[in-house]
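So you can see what is in the structure, the chains are spelled out below.
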Amino acid sequence: MTTAEPNTEQPYAVELEGIEKRFPGVIANHDVSLKVRKGTIHAIVGENGAGKSTLMNTLYGMHQPEAGTIHVNGQQVHFKSPAEAIAVGIGMVHQHFMLADNLTVLENVILGAEPARRGVIRHAEGTAKVAALAKQIGAHVDLDAPLSALGVGQRQRVEILKVLYRGANILILDEPTAVLVPQEVDELFETLKVLVAGGATVIFISHKLDEVLAVSDEITVIRQGTTVGTVTPDSITRSRLGEMMVGSELPKPIPRVTKIGAAVRLEVNGASAKVVGPGSQKYVFQDIDIDVHEGEIVGVAGVEGNGQFELCEGILGLMPLTAGTIVLDGNDVTHETVRHRKDAGIGYIPFDRHREALMLSSPLWENTMLGRESQPKFNIGPLINVRGSQADCREIIHDFDVRTPGEDVPAFALSGGNQQKLIVGRELVNNPSVLIAAHPTRGVDIGAQNAIWARLRTARDAGMGVLLLSADLEELIALSDVIVVMFDGMITARLTPAQATPELLGLYMTGTRQEAAA
Amino acid sequence: MDRQKLQRIGVTAASSVAAVLFALVICGIILLLTGRSPSHVYQTMWDAAGERRIQYDAIQRATPLMFAGCAVALGFKMNLFNIGVEGQYRIAALVTAIVGTRIGFLPAPLHVAVELAVACICGAAWAGIAAFMKVRRGVNEVIATIMLNAIAISLAAWLFNTYFRYTQGNSQNVTTRPIPRSGWMPDIVKDQLNGFFIVALLVVFAYWIVVFKSRFGFRLRASGHNDVAAKTSGISSKRMIVTALLLSGAVAGFIGMQQTLGDSHAYSSQGFVDGIGFLGIAVALLGRNHPIGIVLSALLFGLLAASATKLGLIKVPQEIVQIIEGVIVLSVVIVNEASGRWVDKRTQQRAAHAVEHHLTQQGVTA
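Here the structure is a predicted model, which is why all the values come from computation and not from measurement.

What counts and how
- Residues numbered from 1 in each chain as written.
- Chains lettered and ligands numbered in written order.
- Predicted model: local features only at pLDDT ≥ 70, side-chain atom pairs only at ≥ 80, totals over all residues.
- Heavy atoms only, no water.
- Domains from an automatic or database assignment.
- Contact = heavy atoms within 4.5 Å.
- Buried area = accessible area lost by both parts, 1.4 Å probe.
- Salt bridge = Lys/Arg side-chain N within 4 Å of Asp/Glu carboxyl O.
- Pairing = 2+ DSSP bridges.
- Helix = DSSP H or I, 4+ residues; strand = E, 2+ residues; numbered from the N terminus.
- Axes fitted to C-alpha atoms, helices over the stretch in contact; angles between N-to-C directions.
- Buried < 20%, exposed > 50% of the residue type's maximum accessible area, 1.4 Å probe, protein only.

Participant: Which residues make up the domain arrangement of chain A, and what values go with them?
Facilitator: Residues and elements named next belong to chain A. The assigned domain composition of chain A is domain 1 (14–246) and domain 2 (264–345 + 430–509). Domain 1 and domain 2 are separated by 34 Å when their C-alpha centres are compared. Each side of the interface is counted separately: domain 1 has eight residues, and domain 2 has 13 residues. Of the roughly 720 Å² buried at the junction of domain 1 and domain 2 (both faces included), carbon and sulfur atoms supply 64%. The tally of links from domain 1 across to domain 2 stands at zero salt bridges.

Participant: Go over the sheet that holds strand 15 (residues 297–301) of chain A with me, naming the residues and quoting the values.
Facilitator: Residues and elements named next belong to chain A. In space, the six strands of this open sheet follow the order 18-21-22-15-23-24, with mixed pairing throughout. Among the strands making up the open sheet, the edge pair consists of strand 18 (346–349) and strand 24 (490–495). With strand direction ignored, the average angle separating the axes of adjacent strands in the sheet is 20 degrees. Taken together, the five bridges between strand 15 and strand 22 (residues 465–470) define a ladder with parallel strand orientation. Within strand 22, the residue paired with isoleucine 297 across the bridge is valine 466. Contacts between helix 9 (residues 308–316) and the sheet are confined to strand 15, strand 18, strand 21 (434–438), strand 22 and strand 23 (482–487), with strand 18 contributing the most and set at about 150 degrees to the helix. Against the sheet, helix 17 (residues 502–509) contacts strand 15, strand 23 and strand 24, and its axis sits at roughly 35 degrees relative to strand 23.

Participant: Please set out the pairing of strand 22 of chain A residue by residue, giving values where relevant.
Facilitator: Residue and element names in this part refer to chain A. With six of six residues buried, strand 22 is to be regarded as a mostly interior element. Residues Gly465, Leu467 and Leu469 of strand 22 are buried on one face, and the alternating residues Val466, Leu468 and Ser470, pointing to the opposite face, are buried as well. Of the pairings in the sheet, the one linking strand 21 to strand 22 comprises five bridges and is parallel in character. Looking at the pairing, leucine 435 lines up with valine 466 of strand 22.

Participant: Go over the environment of A:Lys282 with me, naming the residues and quoting the values.
Facilitator: Residues and elements named next belong to chain A. You can see lysine 282 is positioned in strand 14 (residues 280–293). For lysine 282, a relative accessible area of 48% corresponds to the partly exposed category. For the pair formed by lysine 282 and glycine 489, sequence separation is 207 residues and the distance between their alpha carbons is 9.9 Å. Apart from the residues within four sequence positions on either side, lysine 282 is in contact with Ala273, Lys274, Val275 and Asp488.

Participant: Any chance you could break down the environment of B:Leu261 for me, citing the residues and the numbers?
Facilitator: Residue and element names in this part refer to chain B. Mapped onto the elements, leucine 261 comes out in helix 11 (residues 257–263). By relative accessible area, which is 0% here, leucine 261 ends up buried. When the C-alpha positions of leucine 261 and glutamate 115 are compared, they lie 8.7 Å apart, and in sequence the two are 146 residues distant. Setting aside its immediate chain neighbours within four residues, leucine 261 contacts Glu115, Leu116, Ile179, Gly183, Trp184, Met185 and Phe196.

Written out as structure tokens, the structure is:
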């Protein structure tokens, strides 16, 4: 450790020097240097897994670096916990909100730091303080509304208020735009600009280059755990920034050369399903009509929670339909079991790989066998053919470039991107007629994303139909032959990728615009 | 990779041994507090363990524990907590003892085989009630099996006392009617070691094959491990719940057989082995649901109980062994948790390291 040296120039809000952090399963930070000027928006960009979040967690005191120094406002600090970081004015808005649904906005904001006298919360004082903060950042939220009534964008605003309420003047936002639609992103950026104008400093983590270029004062690029440089937006182009991030040029979208076939792989006809709650029945999706042709990718856009997940469950047979039919390659499978449908040719890359796709402490070869274990090559009579299964897994590891020391390691030991490649491999190696791909590249790095996209295109060109559900509009526009938008359980628009701009999709996704489904 | 696997096994075994040692230390402290010399007690038990007669007794006591351990472990593998083993084997033992007296016309091996089949069916049927309640009505199997235990024990006592009491001559021992000789399980060593030990080893072997090696077992483990992923892959978790509980109950049916068919040759209310179902939970936990672990844990528990019979001679209550068993279970749960986390972390680190290494190699060649 070096000793703190008095900074003769204007001190930086945050100065990290030579940070090194080793962490199992994640690329370590090594030799990271970062200088963030006071009163600026400083973006940190890098691929998923490049070490951005690790670095920010170090700054926020979630863990301690093995080497390197941290200065905040010119003073050297050693945080042992986030509480110490908060004490010097650092606040973090996490990617996954840490809010309680059953409390009001006000209660969420003051939770853990309530103004109280003798154990009794002083609501008026809290309300006044939070309202003043909300006004200051131009946030229009009803402080007494229950959090459960708020949308994602507003929840994020609450998170920011919560951090400000604790006296933060250095805000770290971890991928704040990942959960927002374009209009909400604009609002967020307005808020950030207001904050910075008021003297706060914002550190903003992202991997979306357009946003970063639009909003930041300075940009630091992290690649494979280390900082590769700091630039200003007006001195660099998007493609050059992308190169810095991935270490080579960004791949261009490949226009398709094959034609969509005439055969319909998957027909969803007037499908509806309800959840029966206590005393109420609510449609989770209603009157869904989708045809997926041979060699076609149908994109489904939508903010999460608008029935996409349930629709997948309905197609797979995990949720019964109350109306409508599911037809697979001309055969009505509406009343068949999940196993039957999967054997008949439905592949599924699920929303949440840990929950729906993997046995985390089982070896990879058992994971790649899951759902395929009735195929002859995995069996010797009633017993499992261990060698055959392992060989099959090795093939998937090789063909899909899964980075792992072997097929015998438990699935939890792999990084998210490699787990995802393994799942994509497992589902594609069966040559399904239809692949339902939900967020196929969520949380994976650009390298893995390109690999997965290439795989989907290849399979599509070979005649597979794909139903692609994604929140990543770039992904939808890049891959889809047609895009439908789901809002509140219904299809509210059908667009061609050429028509679909992120702004237009955003309008449909938030229900601001609706068009009768064609 | 092999080294890593070995290490995993080593850590698992070491943590179980550590749990046992820890339990001995705790009990030593308890003995000290009650003014007895732990070394004297342990020495007495150790010496006893050297005796051939005690060793046979230990195996005899271990035999029902192996069945019980397998029955519980089968449930655990499907993420089910079958606490109802106790009730399942009570019902199975009573029904088998009664059926055994009615089929004396069968030749010896067939007679025994039919008796075993009856025991399995009864155990499975009793467990099936809990399975039905869980699948159809969503009743937690822990609640259901605890209630079914109470019912089974009372039901067996009532049926026995009301309909099947039989007093042999002027004997004090009240039993059901004796089973004819053709329905007995023969001894391996006369009056010392019964043939059910072999049956227990076979059942443990079958447990290994079915759960760890078969396609069915894979589906069972997959459902137990992550039922959402299993369902998504087309495995019916309801079917797995029913099958796992039926199998567990069937294996539980064997527990009372050594006494019923190998020892007293009847169902008796007095001195009937009880509490084995609960000890089975301890065996499965200590053995980590692994077949070899189950055999070793059952033998250990058997040996503790058998050598404790000598403690009366030095005026130490035999119940000290139950304390040891209890502490073993608690410490095994704690130690497993800690060592499991440690091994997981190591595995993750190694995988990350290997991948990093691999990456740099690629970087050099590219």
